[in-house]
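These are the residues of each chain, in order.
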Amino acid sequence: MGSSVIRVAINGFGTIGKRVADAVDAQDDMEVAGVTKTGPSFGCSLAAKKGYPLYCTSDDPDRIASFSSGGYDCQGGLSDLLSSADVVVDCAPGKMGAANLAKYEAAGIKHMFQGGEKHELTGLSYTSSANHTENLNARGTRVVSCNTTGLSRTLVPLYEIGDSLRVECTMIRRAADPGDSKKGPINAIKPVLKVPSHHGPDVMTVKPEIEINSLAVAVPTTLMHVHAIIADLPTGHGQTTESILDLWRQTPRVIVMHGESDRLTTTAEVMEMARDIGRKWGDLHEVFVWEDGVKLVGDRLYYFQAIHQESDVIPENIDCIRALMGVESDWKASVAKTDSAISDYYGL
Ligand code: NAD
């Protein structure tokens, strides 16, 4: 510790954890101190192949010893990892936050949770464009969920047009991640009967000035979420559909493409395009906006956007590390550094 390179522990090496590890590995101002698994499994091979030191999620000596049965070299328990790192990124399954927070506090380490935890756990949440500054030098925070991250990316610039924004939106959610066999529905549309859903109001944990409510339905797909959004823009700023599109074209981590002429009319084609881009796992860190699905009627804006749920929060986690460590106060500078390092990492 104390070196200029930030040592990052990643607790939980699943869908989000393995992606955060690679994104950290891509940066020149941070390094992977280690990753944790609950026991020997294929995921340990992935860590070994990348050279990430492997630790157990528990300090139990029997659990630590069990890794050798799979031929894996486990360096110790979570406490050992925490003592050798500057910050821990919690990528454990949702709702484990309270138990893990106690461990991080006992170890005296800075900590970041993911969107499966509630804002109340840390009393602070994060997205790069909304509130990087508020998170500078904080002890702990939460990177908001994939949906909330995606909403913030396109809504914060709309809010900044005239410092007001009212939003109603519907989240059309993927039922499960591609690697997940336990969730559903597989042949139904499942409305979230808690109205409003938590997604829209969660934006207000990072940008309280945006008035927003949401409905949500889960549909039988694994690829992406789609958001159908209606936003009432501030009046008197001379906006047009084209000026809004131009605003998003200049916004980091937002891709605007034409559904009909680019032949990207569904999430299937969008994800095929993402695979063509060449990031690992076919990830798409950017929010995808269909140009031909955007229309301003008076001051009311209608649009659709698609979210690659497994990856849009990954670059946000990197910016958040810089915020907590107080090494970059300008969110746009951090975003540019993060994204360029990830592009170089994959030779794009
Ligand atoms: P996951 O199930 O794919 O991975 C979780 C990992 O944590 C697994 O490797 C699991 O073995 C490990 N683990 C189990 N118990 C643990 C413990 N006590 N301590 C540490 N690790 C433990 O889950 P995920 O999809 O990566 O989700 C992680 C977090 O990210 C959740 O809060 C989730 O809500 C959030 N998130 C998920 C997505 C997504 O689409 N998958 C998107 C954004 C945010």
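Conventions we followed
Residues numbered from 1 in each chain as written. Predicted model: local features only at pLDDT ≥ 70, side-chain atom pairs only at ≥ 80, totals over all residues. Heavy atoms only, no water. Axes fitted to C-alpha atoms, helices over the stretch in contact; angles between N-to-C directions. Helix = DSSP H or I, 4+ residues; strand = E, 2+ residues; numbered from the N terminus. Parallel < 35°, antiparallel > 145°, perpendicular 65-115°, else oblique. Left-handed = near helix turned anticlockwise from the far one by under 90°. Contact = heavy atoms within 4.5 Å. Nonpolar A, V, L, I, M, F, W, Y, C, P; charged D, E, K, R; others polar. Buried < 20%, exposed > 50% of the residue type's maximum accessible area, 1.4 Å probe, protein only. Near = heavy atom within 4 Å. Polar contact = N/O pair within 3.5 Å; in protein donor to acceptor, adjacent residues only side chain to side chain. Areas by Shrake-Rupley, 256 points an atom, 1.4 Å probe, with all protein chains shown as cover. Domains from an automatic or database assignment. Buried area = accessible area lost by both parts, 1.4 Å probe. Salt bridge = Lys/Arg side-chain N within 4 Å of Asp/Glu carboxyl O.

We now examine the packing of helix H1 (residues 15-26) against helix H11 (residues 313-325). With their axes 9 Å apart at the nearest point, H1 and H11 run at an angle of 55 degrees to one another. With respect to their mutual orientation, H1 and H11 come out oblique. As for the relative orientation of H1 and H11, their crossing is right-handed in sense. Packed against H1, whose contacting residues are Ile16, Arg19, Val20, Ala23 and Val24, the element H11 presents Val313, Ile314, Asn317, Ile318 and Ile321 at the interface. Residue classes in the contact of H1 with H11 are distributed as eight nonpolar, one polar and one charged.

What follows deals with the side chain of Asn100. Note that Asn100 resides in helix H5 (residues 97-107). Judged by relative accessible area, which is 6%, Asn100 ranks as buried.

Turning our eyes to something else, we now look at the site of the ligand. Near the ligand, the surroundings consist of 22 residues, among which Thr15, Ile16, Gly116, Asp177 and Gln309 are the closest. Contact distances for the ligand include 2.8 Å between an oxygen atom and a side-chain N or O atom of Thr15. In this structure, an oxygen atom belonging to the ligand sits 2.8 Å away from a main-chain N or O atom of Ile16. Taken by itself the ligand offers 820 Å² of open surface, and the protein chains cover 79% of this. Per-class residue counts for the shell around the ligand are seven nonpolar, 11 polar and four charged. Two domains each provide a minimum of three residues to the shell around the ligand, namely domain 1 (6-144 + 313-345) and domain 2 (146-307).

This part takes up the domain arrangement of the protein chain. As assigned here, the protein chain comprises domain 1 (6-144 + 313-345) and domain 2 (146-307). Domain 1 and domain 2 are separated by 26 Å when their C-alpha centres are compared. Facing 26 residues of domain 1, the contacting portion of domain 2 comprises 18 residues. Here domain 1 meets domain 2 over a buried area of about 1800 Å², counting both sides, of which 55% is carbon and sulfur. Counting every contact that joins domain 1 to domain 2 gives seven salt bridges. Arg142 is paired through a salt bridge with Asp202; the nearest N and O atoms lie 2.8 Å apart. The tally of links from domain 1 across to domain 2 stands at 10 residue pairs in polar contact (both at pLDDT 80 or more). Listing elements by their share of the side of domain 1 that touches domain 2, those giving two or more residues are H1, helix H2 (42-50), strand S6 (125-126), helix H6 (128-131), H11 and helix H12 (331-345). Residues that form the side of domain 1 that touches domain 2 fall into these classes: 10 nonpolar, eight polar and eight charged.

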